[in-house]
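Structural features, examined
Okay, here's what each chain looks like letter by letter:
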Amino acid sequence: MAVVEEILRSEADGSISFGNHKLAKKAKVEDYEHAGDLLKVKTYNEMTKLEKNGMFLYESVPGTSVLEFKEADNSVEFIVEGDEDSQITVGLKDDTEYEVFIGGKNVGTMKTGLGGKLSLSVELEAAGEVPVKIVEA
């Protein structure tokens, strides 16, 4: 199990890793510069949240550890880890359809609303690390 001890870090491949689902008390990192953006993370065992330039990007309930989070123009992918099944919400483009892959399996097409948020459930209990990929359809 690879929690992110630093709460937020930049990876050599340009991705970021963030969150620590093992923390009993809230921890946060603000004004973290990565690829020209300012990031903010709040995390603990009950919730993990990421904002980029003041805008919502990721939230999980309960808290998760996220590895190799990468954004592209039409996709988001990351590896998620936690002690319990988690409800994850990702900030994407408004009113857009996405193909969602969890653990390498296509779980179908989902559409964001006017707020651009897409919610999905990931079974994490005893699963270790689970890759998630969301691609514009």
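Our structure's up above, just so we're on the same page.
The sections below set out a description of the structure shown in this document.

Cut-offs and rules
- Residues numbered from 1 in each chain as written.
- Predicted model: local features only at pLDDT ≥ 70, side-chain atom pairs only at ≥ 80, totals over all residues.
- Heavy atoms only, no water.
- Core = buried A, V, L, I, M, F, W, Y, C linked by side-chain atoms within 4.5 Å.
- Buried < 20%, exposed > 50% of the residue type's maximum accessible area, 1.4 Å probe, protein only.
- Contact = heavy atoms within 4.5 Å.
- Patch = residues over 30% accessible without salt bridge, like charges linked within 9 Å, V, L, I, M, F, W, Y side chains within 5 Å.
- Areas by Shrake-Rupley, 256 points an atom, 1.4 Å probe, with all protein chains shown as cover.
- Salt bridge = Lys/Arg side-chain N within 4 Å of Asp/Glu carboxyl O.
- Lys, Arg positive; Asp, Glu negative; His and termini not counted.
- Charge placed at Lys NZ, Arg CZ, Asp CG, Glu CD.
- Helix = DSSP H or I, 4+ residues; strand = E, 2+ residues; numbered from the N terminus.

Another point: the nonpolar core. Core analysis: the biggest nonpolar cluster contains 28 residues, and Tyr-58, Phe-69, Phe-78 and Val-80 have the highest contact counts within it. Once you skip the residues sitting within four places of it in the chain, Tyr-58 turns out to touch Phe-18, Thr-48, Lys-49, Leu-50, Thr-64, Val-66, Phe-69, Phe-78, Val-80, Ile-88, Thr-89 and Val-90.

With that settled, the discussion passes to a negative patch on the surface. A grouping of Glu-84, Asp-85, Glu-123 and Glu-125 is seen on the molecular surface, where their side chains present a negatively charged patch. Mapped onto the elements, Glu-125 comes out in the loop between β12 (117–122) and β13 (129–136). Judged by relative accessible area, which is 57%, Glu-125 ranks as exposed.

Another aspect to go through is unusual backbone geometry. Note that the residue after Val-61, namely Pro-62, is joined by a cis bond; omega there is -5°. Examined against the element boundaries, Pro-62 turns out to sit in the loop between β6 (55–61) and β7 (65–72). You will see that Asn-53, though not glycine, has its phi angle at about 50°, which is positive. Looking at the secondary structure, you find Asn-53 in the loop between β5 (47–52) and β6. Here Asn-53 falls in the partly exposed class, since its relative accessible area comes to 42%. In this structure, Asp-95 is a non-glycine residue whose phi angle is positive, near 50°. Mapping Asp-95 onto the fold places it in the loop between β9 (86–91) and β10 (97–102).

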